[in-house]
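Observations on chain architecture
Residues per chain, in single letters:
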Amino acid sequence: AERNRARLYFETAANILVVIDSDRKVQMINRAGADALGLPASDIVHRDWCDSFVPTSHRATVAHDIGEWLEDRGKASGGIEYPLVRSDGEQRLAP
């Protein structure tokens, strides 16, 4: 029951939620994230987050920040904010 409730919260959150592994591969993304990127979740999962969805000008910084966040096991407060590259090539800040 708890797992189903957590999954429901994950899927229905208004903010982009993405689970990224230590190789920066997307393991899960919620509906808001898939909509923001203009792709179905099935086309996002298993792709390198930075190489696929972060503008070139931000990749090194974002990769570093993700590594730091993963090393800290998410104890740092707040999230990481940066522009995303949509499937149509448009860059925009996450909603």
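Residues numbered from 1 in each chain as written. Predicted model: local features only at pLDDT ≥ 70, side-chain atom pairs only at ≥ 80, totals over all residues. Heavy atoms only, no water.

1. Notes on the overall build of the chain
Helix and strand counts for the chain come out as 4 helices and 4 strands. Taking 2.2 N^0.38 as the reference for a compact globule, 95 residues should give roughly 12 Å; the C-alpha atoms of the chain span a radius of gyration of 13 Å, in line with that estimate. Referenced to the eigenvectors of the C-alpha coordinate spread, the extents of the chain come out at roughly 40 × 30 × 20 Å. Relative to its full complement of 95 residues, the chain shows a buried share of 28%. Considering only residue pairs separated by 6 or more positions, the chain has 36% of its internal contacts joining residues 24 or more positions apart. Roughly 6,400 Å² of accessible area belongs to the chain as shown, and the carbon and sulfur atoms make up 49% of that amount. Distance between charge centres in the chain, computed from 12 positive and 15 negative side chains, equals 5 Å. (Helix = DSSP H or I, 4+ residues; strand = E, 2+ residues; numbered from the N terminus. Rg over C-alpha atoms; globule rule 2.2 N^0.38 Å. Buried < 20%, exposed > 50% of the residue type's maximum accessible area, 1.4 Å probe, protein only. Contact = heavy atoms within 4.5 Å. Areas by Shrake-Rupley, 256 points an atom, 1.4 Å probe, with all protein chains shown as cover. Lys, Arg positive; Asp, Glu negative; His and termini not counted. Charge placed at Lys NZ, Arg CZ, Asp CG, Glu CD.)

2. Description of the side chain of N30
Tracing the sequence through the fold places N30 in the loop between β2 (26-29) and α2 (31-37). From its side chain, N30 meets the backbone nitrogen of G33 in a polar contact 3.0 Å long. Residue contacts for N30: discarding those within four places in its chain leaves F10, E11, A13, N15, I16 and L17. (Polar contact = N/O pair within 3.5 Å; in protein donor to acceptor, adjacent residues only side chain to side chain.)

3. Points about the packing of aromatic side chains
The description of an aromatic ring pair rests on the distance of the ring centres and on the angle between the ring planes. As enumerated under the stated definition, the model contains 1 aromatic pair in all. Centre to centre, the rings of W49 and F53 are 5.3 Å apart; their planes meet at 50°, and the pair counts as tilted. With W49 and F53 both in helix α3 (residues 49-53) and 4 residues apart, the pair spans about one turn of that helix. Neither W49 nor F53 differs from the other in exposure class; each is buried. (Phe/Tyr/Trp six-rings, centres within 6.5 Å; stacked < 30°, edge-to-face > 60°.)

4. Observations regarding the side chain of R86
Along the polypeptide, R86 turns up in the loop between β3 (83-85) and β4 (91-93). The exposure class assigned to R86 is buried, which follows from its relative accessible area of 18%.

5. Quick notes on the nonpolar core
If you look at the biggest cluster of nonpolar residues, it comprises 17 residues, and the most contacted ones within it are L37, I44 and W49. Looking at this core, the elements that each hand over two or more residues are β2, α2, α3 and α4 (59-71). Not counting chain neighbours up to four residues away, the residues in contact with L37 comprise I29, I44, W49, F53, L84, V85, R86 and S87. (Core = buried A, V, L, I, M, F, W, Y, C linked by side-chain atoms within 4.5 Å.)

6. Topic: the environment of D51
Among the secondary structure elements, D51 is positioned in helix α3. Classification of D51 by relative accessible area gives partly exposed; the value is 46%. Expressed as a C-alpha distance, the spacing of D51 and S87, which sit 36 residues apart in the sequence, is 13 Å. D51 has contacts with R24 and R59, leaving out every residue within four places of it along the chain.

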